[in-house]
Structures are given as C-alpha cells and as structure tokens.
Amino acid sequence: AMHLLQRPRPSSAGARHGVDELMLFEHMATMMTNEGRLPEAENFARKAFEGMEVAFPPGAQDIRPAAARARLAHVLHLRGYFEEAEHHLRQAFSEYESSLGQEHPHTLGCARNLAVLLKQVAVHSSRSHKLLQEAQGLLQKASDGYASTLGSDHPDAQRAARNVENFRLWRTK
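## Let's talk about helix α7 (residues 128-150)
Note that an α-helix has 3.6 residues per turn; residues three or four places apart therefore point the same way. End to end, α7 covers 32 Å across 23 residues, agreeing with the expected 33 Å (1.5 Å per residue, within 8%). For α7, the secondary structure elements touched by its buried residues are α5 (82-100), α6 (105-123) and α8 (155-172). Directly beyond the C-terminal end of α7, a positive phi value near 95° is found at G151.

Laid out in structure tokens, this is it:
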C-alpha cells in the first residue's frame with residue numbers, strides 16, 4: 001500500500017487540495033508507524049497535525065486537528081517522548097470532549113489511550129500516585145461510557161471493562 005501513497009498524482013486529476021495532502025501525510029504516518037519507521041512517522045504526523053491546525057482553526061469545531069494531534073501523540077509515545085506525547089494527548093482529549101461530547105467513542109478511545117500513556121509516565125515520575133489515580137479514572141470513564149453508549153455486550157465496552165480490571169490488578173501487585 002505504501003507504493004500507492006507515494007505514486008505521483010496524475011496530471012489529469014488536477015491540483016491536490018491542501019486537505020488531501022494533509023490526509024496523505026496522516027496515512028503515511030500510520031503506515032510508517034506500522035512498519036516501525038518512527039522518525040519518518042513522526043515527521044509525517046507533525047506535518048499533518050500542523051497543517052490541520054491551520055486548515056481547521058478552533059472555531060471550525062472540526063475533529064480532524066484533534067485526530068491528527070492524537071496520532072502525533074501516539075508516535076511520540078512509541079518513540080519514548082512521553083512529556084510531549086502527554087501534552088498532545090491531553091489536548092486531543094479536551095478537543096474531542098468539546099467537539100463530540102464525553103461519551104462519543106472517539107473521546108472514550110482517547111481517554112483510554114491517555115490512561116495507558118499516564119501509566120507509563122507514572123512509572124518514571126515523582127507524580128506517580130496522582131497520574132495512576134488519573135489513569136484509573138480515565139479507564140473507568142471509558143468503560144462506563146462505552147457500556148452506556150454502545151451497550152455492555154459491545155466488544156469495545158468489554159475491552160474497556162477488562163482494561164479497568166487489569167489496571168486494578170496491576171496496581172495491587
């Protein structure tokens with residue numbers, strides 16, 4: 001699939017729209033991440049995020065900048081840049097909440113991702129107790145939200161409930 005994203009655009013297709021190019025950057029970042037090419041993935045994710053912020057300013061109430069920010073945070077997390085990843089993921093979570101609401105599946109997924117990141121940050125932080133409490137709260141929020149929104153039998157709701165239970169077990173060890 002990488003070769004499809006990298007092929008030249010046919011001249012008959014006309015000029016590439018700016019948002020199309022930003023989406024291409026996002027797809028490239030995802031593919032590079034999946035291939036373990038994290039420095040390249042970070043570069044594409046940054047370009048996509050920075051472009052989305054310009055294309056869709058806060059007043060636009062569009063979630064594409066939040067999604068691009070969350071993708072960048074994911075790459076930064078994988079690269080071990082926890083502080084910057086935490087900043088971006090907190091901001092993405094806030095943007096999802098204000099745009100989509102607290103119980104939207106995108107918001108809940110971001111809450112779960114933020115909890116995972118906070119757990120990893122806490123292991124190496126002087127503020128570990130506070131971060132672990134926050135992570136547990138976010139996991140519970142995601143679990144409750146998925147169950148409420150999608151039903152407790154939905155795979156995402158079941159996964160989120162297991163995440164909460166696994167986190168509790170991990171904390172008691």
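More follows now that the structure is in view.
## A word on the environment of E21
When you line up the elements, E21 lands in helix α2 (residues 18-34). On the basis of relative accessible area, E21 is assigned to the partly exposed category, the value being 35%. Sequence spacing of E21 and D62 is 41 residues, and the spatial spacing of their C-alpha atoms is 17 Å.

## Brief notes about the packing of α2 against helix α3 (residues 38-55)
Two elements in contact, α2 and α3, have axes separated by 8 Å at closest approach and are oriented at 155°. Classified by the interaxial angle, the pair formed by α2 and α3 is roughly antiparallel. As α2 packs across α3, the resulting crossing turns out to be left-handed. From α2, V19, L22, M23, F25, E26, M28, A29, M32 and T33 reach across to α3, where they touch L38, E40, A41, F44, A45, K47, A48, G51, M52 and A55. For the contact of α2 with α3, the residue count by class is 14 nonpolar, two polar and three charged.

## Side note on the environment of H106
Within the fold, H106 resides in helix α6. Sequence separation of H106 and Q61 is 45 residues, and the distance between their C-alpha atoms is 15 Å. The residues contacting H106, other than those within four sequence positions of it, are I63, Y96 and L100.

## What to know about the environment of G101
Checked against the element boundaries, G101 lands in the loop between α5 and α6. In this structure the C-alpha to C-alpha distance between G101 and N163, which are 62 residues apart in sequence, comes to 22 Å. Apart from the residues lying within four places of it in its own chain, the contact partners of G101 are Y96 and T107.

## Details of the packing of aromatic side chains
Here the structure, examined in full by the defined rule, presents two aromatic pairs. Note on F25 and F44: the rings are 5.9 Å apart at their centroids and 45° apart in plane angle, and the pair reads as tilted. Of this pair, F25 sits in helix α2 while F44 sits in helix α3, and the two are 19 residues apart along the sequence. We note that F25, like F44, is buried.

## Here's the deal with the side chain of R112
Among the secondary structure elements, R112 is positioned in helix α6. Nearest to the buried, unbridged R112 among oppositely charged side chains is D156, at 5.2 Å. For R112, the residues in contact, after removing those within four places along its chain, are L139, A142, Y146, D156 and N163.

The rules behind these values
Counting starts from 1 at the beginning of each chain's written sequence and moves along it residue by residue. Under the rules for a predicted model, residues below a pLDDT of 70 receive no local features and side-chain atom pairs below 80 are neither given nor counted, while totals for whole chains, interfaces and linings still include all residues. Only hydrogens and water are set aside; all other atoms, that is, all heavy atoms of the structure, feed into the side-chain values. Working definition: helices are DSSP H or I runs of at least four residues, strands are E runs of at least two. Numbering for both runs from the N terminus. Here the expected span of a helix is defined as 1.5 Å times the quantity of residues minus one. Residue contacts are defined here by distance: any two heavy atoms, one from each residue, within 4.5 Å place the two residues in contact. Three exposure classes are used, based on accessible area relative to the maximum for each residue type with a 1.4 Å probe and protein chains only: buried under 20%, partly exposed in between, and exposed over 50%. Helix axes use the C-alpha atoms of the stretch in contact, all axes being lines fitted to C-alpha atoms, and the angles between their N-to-C directions lie in the range 0 to 180 degrees. By definition in this entry, angles of less than 35 degrees are roughly parallel, angles greater than 145 are roughly antiparallel, angles of 65 to 115 are roughly perpendicular, and the rest are oblique. Handedness of each helix crossing follows the sense of rotation of the near helix against the far helix: counterclockwise by less than a right angle gives left-handed, clockwise gives right-handed. When residues are grouped by polarity, Ala, Val, Leu, Ile, Met, Phe, Trp, Tyr, Cys and Pro land in nonpolar, Asp, Glu, Lys and Arg in charged, and all others, Gly among them, in polar. Ring pairs are drawn from Phe, Tyr and Trp, using the six-membered ring of Trp, whenever the two centres fall within 6.5 Å, and their geometry is named by plane angle: stacked under 30 degrees, edge-to-face over 60, tilted for the rest. Counted as positive: Lys and Arg. Counted as negative: Asp and Glu, with His and the chain ends omitted from the count. Any Lys or Arg side-chain nitrogen located within 4 Å of an Asp or Glu carboxyl oxygen qualifies as a salt bridge.

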